[in-house]
Amino acid sequence: MPPSPAPDAPLDVLLVGLGTIARTHAAVITRLDRLRLVGAVDPAPGFAVEAPAHRTLHEALDAGTDPDVVVLATPTDTHVGLVDEVLRTCDATVLCEKPLAATVDEIDGLELRHGAVVLTERVRVAHHFAFSPEVEWARRTAEQHPEWGPPTRVLCVSHDPYGHIEDDRAASLVSSWVDSGPNQLSVAAAFAGGWEVVSHVAETGRSVSVLDHAGGRTTLVTNWLAGDSSKQSEIEYGAGGVRIRIDHTSMTALVLRDGEVAEQLTYAGADSRKVEHYLGVYRALLDDPDDHRLGVPLARTIASLLEGRAPIG
Ligand SMILES: NC(=O)c1ccc[n+]([C@@H]2O[C@H](COP(=O)([O-])OP(=O)(O)OC[C@H]3O[C@@H](n4cnc5c(N)ncnc54)[C@H](O)[C@@H]3O)[C@@H](O)[C@H]2O)c1
């Protein structure tokens, strides 16, 4: 839980990594009165912020930066090492970009070194897709209809046009599965659980993962050969009598009942998709830090499924 220095005082945030997604973090931190950016860290920053800048986390802390929250917006393979360093060298809560780790062993290592209590109290993961307005709406809609039962099918599809990107951008990508799988799994987890892996095929730019969930089947498809980014999910109940069709790209959704439109979510806001996601992440961090969508258990489930195996326990 983020430590509160004094009632109503903003939480001091140190932003580590000033690349693509850090722009969204910086915009949202600046927008929320209850957060104050007190420093940034990046050896090769992609943009500047209105706060002291440092080359390393060690240098920032050495210079007297005393954050309440350290945000890690660095490449995936740096996450565990930087979480380790924050937990060892200061008292701050860590908000780490997703995935916390691509393997369960790495999360087990963190737990071994720092203890489960420290992880529960101080480590949060920005599973940002789970906070998108269309997923929230769809989850609430399904909750209002317990008579639908568990979903019989969950399908998440993510396309990104990464077939021909520059080398410097490619360096921050791992694979379509490791980069998009955590988003799909955090969406799927809003509707289903109790995963068993049926089959899993993952190449660098393409993956198909089939999981059984309690009451049905989840299929996750990722692909980097596409004309544009496009992300959708479909949640089916019964024998297809009810379908929730979610368009993550436009932040809209439809409920179809026997093929007819029964309910519709439109988006009238002016924020970008990522700003909407991270407003949700930071509001939960401030108001409900124990929200399971930010928790290490979800990160562990995701790491396990990223490895193509069912979660243990
Ligand atoms: N790009 C997206 O749209 C997006 C969306 C959501 C989540 N994410 C996640 O965010 C993370 C970062 O992705 P990105 O696309 O912003 O990458 P990026 O390559 O654009 O930015 C990463 C930045 O981190 C810096 N960096 C590297 N090692 C560092 C270190 N040890 N200390 C400080 N800074 C360091 C790099 O210099 C770079 O500026 C990834 O884990 C990714 O999965 C990305």
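The name that an unreviewed UniProt entry assigns to the protein is Putative dehydrogenase, with the source organism given as Nocardioides thalensis.

Of regular secondary structure, the protein possesses 10 helices and 14 strands. Its C-alpha radius of gyration of 19 Å places the protein within 12% of the 20 Å reference for a compact globule of 313 residues. Out of the 313 residues belonging to the protein, those deemed buried represent 51%. Taking the 26 positively charged and 45 negatively charged side chains of the protein as two groups, their mean positions are separated by 3 Å.

This paragraph deals with the UniProt feature "domain: Gfo/Idh/MocA-like oxidoreductase N-terminal" (unreviewed entry) in the protein. As recorded in UniProt, the sites labelled "domain: Gfo/Idh/MocA-like oxidoreductase N-terminal" (unreviewed entry) are residues 12-108. Within residues 12-108, the helical portion is 35% and the strand portion 24%, while the C-alpha atoms at the span's ends are 29 Å from each other.

The geometry of helix α1 (residues 20-31) relative to helix α9 (residues 273-287) is characterised by a closest axis approach of 9 Å and an angle of 55 degrees between their N-to-C directions. Here α1 lies oblique to α9, going by the angle between them. For the element pair α1 and α9, the recorded crossing hand is right-handed. Of the residues in α9, those in contact with I21, T24, H25, V28, I29 and R31 of α1 are K274, V275, Y278, L279 and Y282. Here the contact of α1 with α9 is composed, by residue class, of 7 nonpolar, 2 polar and 2 charged.

With an omega of -10 degrees, the peptide bond between K98 and P99 qualifies as cis. By secondary structure assignment, the location of P99 is in the loop between β5 (93-97) and α4 (104-114). Unlike most non-glycine residues, M251 shows phi in positive territory, near 55 degrees. According to the relative accessible area criterion, M251 is buried, its value standing at 4%.

A separate point is the pattern of salt bridges. Tallying each qualifying case throughout the model produces 19 salt bridges. The closest approach of N and O atoms between D212 and R217, which form a salt bridge, is 3.0 Å. R309 serves as the salt-bridge partner of E307, at 3.2 Å between the closest nitrogen and oxygen. By relative accessible area, which is 34% here, E307 ends up partly exposed. Taken together, the salt bridges that share partners define one network made up of E136, R139, R140, E143, D291 and R293.

As a further point, take the pairing of strand β9 (residues 206-213). In terms of strand pairing, strand β8 (residues 196-203) meets β9 through 7 bridges, oriented antiparallel. What sits directly across from S199, in β9, is V210. Adjacent in sequence and paired antiparallel, β8 and β9 are bridged by 2 residues. As defined by bridge partners, β9 adjoins strand β10 (residues 216-223) across 8 bridges and the pair is classed as antiparallel. Among the inter-strand pairings, S209 is bridged to a residue of β10, identified as L220. Between β9 and β10, which pair antiparallel and follow one another directly, the connecting turn spans 2 residues, one of which, G215, has a positive phi of 95 degrees.

Direction vectors running N to C along helix α3 (residues 79-89) and α4 enclose 15 degrees, while the axes themselves pass 11 Å from each other. Taken together, the axes of α3 and α4 lie roughly parallel to each other. In this structure, α3 crosses over α4, and the sense of that crossing is right-handed. Here α3 contributes V80, V83, D84, L87 and R88 to the contact with α4, which in turn contributes E106, L110, R113 and H114. Along the lines of polarity and charge, the residues of the contact of α3 with α4 split into 4 nonpolar, 1 polar and 4 charged.

Turning our attention to the sheet that holds strand β11 (residues 230-237). Strand pairs in the sheet, formed through backbone hydrogen bonds, run parallel or antiparallel to each other. The sheet built from 8 strands is open, its strands ordered β8-β9-β10-β7-β11-β12-β13-β14 with mixed pairing. Unpaired on one side and paired on the other, β8 and β14 (260-265) mark the two borders of the sheet. Adjacent strand axes in the sheet meet at a mean angle of 10 degrees when their direction is disregarded. Running at roughly 125 degrees to β14, helix α6 (residues 133-143) makes contact with β11, β12 (242-247), β13 (252-257) and β14 of the sheet. Docked against the sheet, helix α8 (residues 176-188) engages β7 (151-159), β8, β9, β10 and β11, running at close to 145 degrees with respect to β10.

The subject of this paragraph is the site of the ligand. Lining the immediate environment of the ligand, one finds 23 residues, of which T20, I21, D42, S172 and K274 sit closest. Within the side chain of D42, one N or O atom sits 2.7 Å away from an oxygen atom of the ligand. In the environment of the ligand, an oxygen atom lies 3.4 Å from a nitrogen or oxygen atom belonging to the backbone of T74. Within the residue set of the shell around the ligand, elements represented by two or more residues are α1, α3 and α9. Partitioning the shell around the ligand into residue classes produces 10 nonpolar, 8 polar and 5 charged.

What counts as what
Residues numbered from 1 in each chain as written. Predicted model: local features only at pLDDT ≥ 70, side-chain atom pairs only at ≥ 80, totals over all residues. Heavy atoms only, no water. Helix = DSSP H or I, 4+ residues; strand = E, 2+ residues; numbered from the N terminus. Rg over C-alpha atoms; globule rule 2.2 N^0.38 Å. Buried < 20%, exposed > 50% of the residue type's maximum accessible area, 1.4 Å probe, protein only. Lys, Arg positive; Asp, Glu negative; His and termini not counted. Charge placed at Lys NZ, Arg CZ, Asp CG, Glu CD. UniProt positions renumbered as here; feature names shortened; annotations may be inferred. Axes fitted to C-alpha atoms, helices over the stretch in contact; angles between N-to-C directions. Parallel < 35°, antiparallel > 145°, perpendicular 65-115°, else oblique. Left-handed = near helix turned anticlockwise from the far one by under 90°. Contact = heavy atoms within 4.5 Å. Nonpolar A, V, L, I, M, F, W, Y, C, P; charged D, E, K, R; others polar. Salt bridge = Lys/Arg side-chain N within 4 Å of Asp/Glu carboxyl O. Pairing = 2+ DSSP bridges. Near = heavy atom within 4 Å. Polar contact = N/O pair within 3.5 Å; in protein donor to acceptor, adjacent residues only side chain to side chain.

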